[in-house]
Amino acid sequence: MKPLPLVLIAGLALLPAAALAGDATSAGAQQAIAAAEAKISAAAAMQNQWFATMAAFRAAKAAERKGDYAAAEAAAAEAGKLADLSIAQARRQKALWQSEAVR
Amino acid sequence: MRIGLVVLALLAAFSAVPVALAGAGPDPAADIKAFQGHFRTELPAIPLAAYVNGPYNFPGSGRAQWKQITEFPPYSFAIDSGKVLFETKFPNGKTYTSCFSEGGIGIAGNYPMFDPKTGRVVTLGVAINRCRVANGLKKWPLTKGKMADLVAYMTVTSRGRPIDVVVPNDPRALAAYEAGKEYFYSRRGQLNFSCASCHVQAAGKRLRGNVLAPALGITASFPLYRSKWGSIGTLVRRFIGCNKKVGSVPDKPDSAAYRDLAYFLTAMSNGLPIAGPGSRP
């Protein structure tokens, strides 16, 4: 039996990723956007929204409107991660600000 | 011997509790003393009253240009416009003098003040808008335009008078003061900066082309004509700009967060003279 050419092996290896990208749906994108929106609301409630979060969120919504659901999911995930970071920052600062205070 | 040590440790622990509790509440007078003391220790060459000149106390800040600018100050048009606005009668025949103590002259140093009726901090801009609404007019935006002009006029009538922000012994006032203090020292935005990062810890140092103004006296020259803006703007306009610079979405101009921040920050400069309106790069 002849060994498979390297190019063919590489192509076969990429198949699952391609299949996953093709699996992105409107419902999935909307779910990712809703999840990011919840985190963004939590960050806003803590008075600590980042511009980068909102930029990623706007990109997610724009991609979703264009029908690029994979890009929408990716951008929404990024927005969610940034919102998580801002929430963590606000929580840390609840105690840490006192260490910066002049006394 | 061991029991004795345990008893001693317990006594020490319990005796420390009242001290800790006593020190836990807001103490504006102690804060002001510490705040002003910090700058006088860190930057002893600057006389206390000169802190109102912000970055111009430091080399490389363009002090000579600033001195020349003040001969024909760019905010003079705002003062003139503000005077006209101040003296123009409302449709009901009253003017702004009806809303303020001393007829609104020489009172800028008392703002922000705590309003016991609403339990909220009132900045001069918010007080002007209250006056407008009480006399059947619409509110103005708090950041620039006619509001900044009117604040400029009311501030120039207060020039040289000491800042005298009162934090009464009212739990709501103390809570607002403490919230402003927390805001000032809390890091925020993607760059992880607090107000204090620049204006306490790096006061007098350079951030790119600018010399950072010390927090002490920083509110005394507002409203400001900024060359960057090409117009005059209020303190809250600057708060919004600072928040944006560190990657943080700003609060609304009339938010409790900005009112409380102005309350704390202005109180720290109690005793320093009003110097506004001012001009900055």
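Here's a quick rundown of the structure. (Residues numbered from 1 in each chain as written. Chains lettered and ligands numbered in written order. Predicted model: local features only at pLDDT ≥ 70, side-chain atom pairs only at ≥ 80, totals over all residues. Heavy atoms only, no water.)

**Points about the packing of aromatic side chains**
Okay, so step 1: The full count for this structure, using the stated rule, is 17 aromatic pairs over all chains.
Okay, so step 2: Here the aromatic rings of F35(B) and F264(B) are separated by 6.3 Å at their centres, their planes lie at 85 degrees, and the arrangement is edge-to-face. Residue F35(B) is located in helix α2 (residues 28-42), and its partner F264(B) is located in helix α10 (residues 256-267); the two are separated by 229 residues in the primary sequence. F264(B) matches F35(B) in its accessibility class, with the two residues each being buried.
Okay, so step 3: Look at F100(B) and Y111(B): their rings are 6.2 Å apart centre to centre, the planes differ by 70 degrees, and that puts the pair in the edge-to-face class. You can see F100(B) sitting in the loop between α4 (76-87) and β1 (113-115) and its partner Y111(B) sitting in the loop between α4 and β1, a full 11 residues away along the chain.
Okay, so step 4: Every member of this aromatic cluster is reached through a ring pair, and the members are W97(A), F35(B), F39(B), Y51(B), Y177(B), F184(B), Y185(B) and F264(B).
Okay, so step 5: When the ring centre of Y183(B) is taken as reference, the NZ or CZ atom of R188(B) above it lies at 3.7 Å.
Okay, so step 6: If you follow R237(B) out to its NZ or CZ, it ends over the ring of W229(B), 4.0 Å from the centre. (Phe/Tyr/Trp six-rings, centres within 6.5 Å; stacked < 30°, edge-to-face > 60°. Helix = DSSP H or I, 4+ residues; strand = E, 2+ residues; numbered from the N terminus. Buried < 20%, exposed > 50% of the residue type's maximum accessible area, 1.4 Å probe, protein only. Lys NZ or Arg CZ within 6 Å of the ring centre and 35° of its normal.)

**Details of the packing of α4(B) against helix α6 (residues 146-156) of chain B**
Residues and elements named next belong to chain B.
Okay, so step 1: In contact at an axis separation of 7 Å, α4 and α6 are set at 90 degrees when each is read in the N-to-C sense. By the angle between their directions, the pair α4 and α6 is classed as roughly perpendicular. Side by side, α4 and α6 meet where A78, I79, S81, G82, K83, L85 and F86 of the first sit next to K146, D149, L150, A152, Y153, M154 and V156 of the second.
Okay, so step 2: Along the lines of polarity and charge, the residues of the contact of α4 with α6 split into 9 nonpolar, 2 polar and 3 charged. (Axes fitted to C-alpha atoms, helices over the stretch in contact; angles between N-to-C directions. Parallel < 35°, antiparallel > 145°, perpendicular 65-115°, else oblique. Contact = heavy atoms within 4.5 Å. Nonpolar A, V, L, I, M, F, W, Y, C, P; charged D, E, K, R; others polar.)

**Focus: the state of the cysteines**
Residues and elements named next belong to chain B.
Okay, so step 1: Under the definition given, this model contains 1 disulfide over all chains.
Okay, so step 2: Cysteine C195 is unpaired, with the sulfur of C242 as its nearest cysteine sulfur at 6.8 Å.
Okay, so step 3: The structure places no disulfide on C198, whose sulfur is separated from the nearest cysteine sulfur, that of C242, by 7.2 Å.
Okay, so step 4: Classification of C198 as buried rests on a relative accessible area of 13%. (Disulfide = S-S within 2.5 Å.)

**Some remarks on the interface of chain B and chain A**
Okay, so step 1: Between chain B and chain A, the contact holds 25 residues from the first and 16 residues from the second.
Okay, so step 2: Both faces considered, chain B and chain A share a buried interface measuring about 1,800 Å² in area, 54% of it formed by carbon and sulfur atoms.
Okay, so step 3: The partner of E182(B) in a salt bridge is K94(A), and the shortest N-O contact between them spans 3.0 Å.
Okay, so step 4: Across the chain B-chain A interface, the total number found is 11 residue pairs in polar contact (both at pLDDT 80 or more).
Okay, so step 5: The set of elements that each furnish at least two residues to the side of chain B that touches chain A consists of α2, α7 (171-185) and α8 (195-199) of chain B. (Buried area = accessible area lost by both parts, 1.4 Å probe. Salt bridge = Lys/Arg side-chain N within 4 Å of Asp/Glu carboxyl O. Polar contact = N/O pair within 3.5 Å; in protein donor to acceptor, adjacent residues only side chain to side chain.)

Interpretation in functional terms is not warranted from these geometric data alone.
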